[in-house]
Amino acid sequence: MRLDKFLAETGLGSRKEVKQLIKKGQITVNQQIEKKDKAQVDPEKDQIAYLGEALHYQEFYYYLLHKPAGVVSATEDKKDSTVLNLFDEADYRRDLFPVGRLDKDTEGLLLITNDGQLAHELLSPKKHVEKEYFALIEGVMDETDQQRFEKGIELDGQLTMPAQLLIDQIAEERSEVRIILNEGKFHQVKRMVAACGKKVVYLKRIRMGDLSLPEDLSKGRYRELTPEELRLLKG
Ligand code: URA
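Residues numbered from 1 in each chain as written. Predicted model: local features only at pLDDT ≥ 70, side-chain atom pairs only at ≥ 80, totals over all residues. Heavy atoms only, no water.

Colleague: Can you walk me through the site of the ligand in this structure?
Modeller: Residues in contact with the ligand, as listed here, are L102, D103, T106, Y133, H187, Q188, V189, K190 and L203. One nitrogen or oxygen atom from the side chain of T106 is found 2.8 Å from an oxygen atom belonging to the ligand. Protein coverage of the free-state accessible area of the ligand, which is 240 Å², stands at 96%. Ranked by residue count, the leading element in the shell around the ligand is helix α5 (residues 188–195), at 3 residues. Of the residues belonging to the shell around the ligand, the class tally is 4 nonpolar, 3 polar and 2 charged. Per-domain counts for the shell around the ligand show at least three residues from each of domain 2 (62–125 + 212–234) and domain 3 (131–208). (Near = heavy atom within 4 Å. Polar contact = N/O pair within 3.5 Å; in protein donor to acceptor, adjacent residues only side chain to side chain. Areas by Shrake-Rupley, 256 points an atom, 1.4 Å probe, with all protein chains shown as cover. Helix = DSSP H or I, 4+ residues; strand = E, 2+ residues; numbered from the N terminus. Nonpolar A, V, L, I, M, F, W, Y, C, P; charged D, E, K, R; others polar. Domains from an automatic or database assignment.)

Colleague: What exactly am I supposed to notice about the side chain of N182 here?
Modeller: By the secondary structure assignment, N182 is in the loop between β12 (174–181) and α5. Taking the relative accessible area as the measure of exposure, N182 reaches 17% and is therefore buried. (Buried < 20%, exposed > 50% of the residue type's maximum accessible area, 1.4 Å probe, protein only.)

Colleague: Would you take a moment to explain the environment of E121 for this structure?
Modeller: Topologically, E121 is positioned in helix α3 (residues 116–123). Since its relative accessible area comes to 28%, E121 is described here as partly exposed. Measuring from C-alpha to C-alpha, the distance between E121 and E53 comes to 37 Å, with 68 residues separating the pair along the chain. Discounting chain neighbours no more than four positions away, the residues touching E121 are K127 and V129. (Contact = heavy atoms within 4.5 Å.)

Colleague: How do you make sense of unusual backbone geometry when you look at a structure like this?
Modeller: Across residues other than glycine, the phi torsion is negative in most instances, and most of the peptide bonds are trans. You will see that Q31, though not glycine, has its phi angle at about 65°, which is positive. Within the secondary structure layout, Q31 lies in the loop between β1 (27–29) and β2 (32–33). Residues other than glycine seldom take positive phi values, yet H128 does so here, at roughly 55°. One can find H128 in the loop between α3 and β8 (131–138).

Colleague: What should I look at first to understand the domain arrangement of the protein chain in this one?
Modeller: Accessible area lost on assembly of the parts is the figure often given for the size of an interface. What the domain assignment lists for the protein chain is domain 1 (3–54), domain 2 (62–125 + 212–234) and domain 3 (131–208). Distance between the C-alpha centres of domain 1 and domain 3: 53 Å.

Colleague: Please clarify how the pattern of salt bridges should be interpreted in this entry.
Modeller: As a working rule, side chains carrying opposite charge can pair if their charged atoms are close by. Inspection of every chain in the model, using the stated rule, returns 24 salt bridges. For E9, the salt bridge is made with R93, and the minimal N-O distance between the two is 3.9 Å. In this pair, E9 sits in helix α1 (residues 3–9) while R93 sits in the loop between β5 (62–67) and β6 (97–98), placing the two residues 84 residues apart along the sequence. A relative accessible area of 17% means that R93 is categorised as buried. (Salt bridge = Lys/Arg side-chain N within 4 Å of Asp/Glu carboxyl O.)

Printed below as a string of structure tokens:
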């Protein structure tokens, strides 16, 4: 990789700014001043430093966000705030994107990364990565609904994959349920519940694969995945 690209990727500055630092002799590669911005470096092997301070290159970033309602799962939007607007300037990178979508009014676990390969794997229906939702439903969900979820429900002329409906509590014509899907069709939870003649009034994703929404991560906050969480996610 070119030295100026490496420096820009570490967040030291823009490509133009880091070229100036190189020119000024402030960058060393293996303890030798390097004044060529085109110099080739190996981020795995070479020790690269700015004014004597070692720089580390990280290719991929993985964040776990507790999405609040009211923001959209997109990188840019003309009208609404996006999940990336919740990022501090120091963590924001232009290549970050959300893995899949949650509706604007849905809360909960959303992974934000710049690792396209992992995102692809997590979203592929073939990989069967479970997504678990907590939902508050207007209406009483029952065993018949559970059987319908298990068989798959027809949406847009196509049967969904079998899904699980766990009924946690029923009170005053409202049901608290958990729904586990292996895929992510547009508005899938809301449409499957609607197909049973009931309505989702609150929806929150609480798990993706082996990764659960941490209880201590408040709404609107995010943090980097721990190495253990990343391992769980990669399976
Ligand atoms: N299903 C929905 O209906 N909405 C979401 O945001 C996620 C799953």
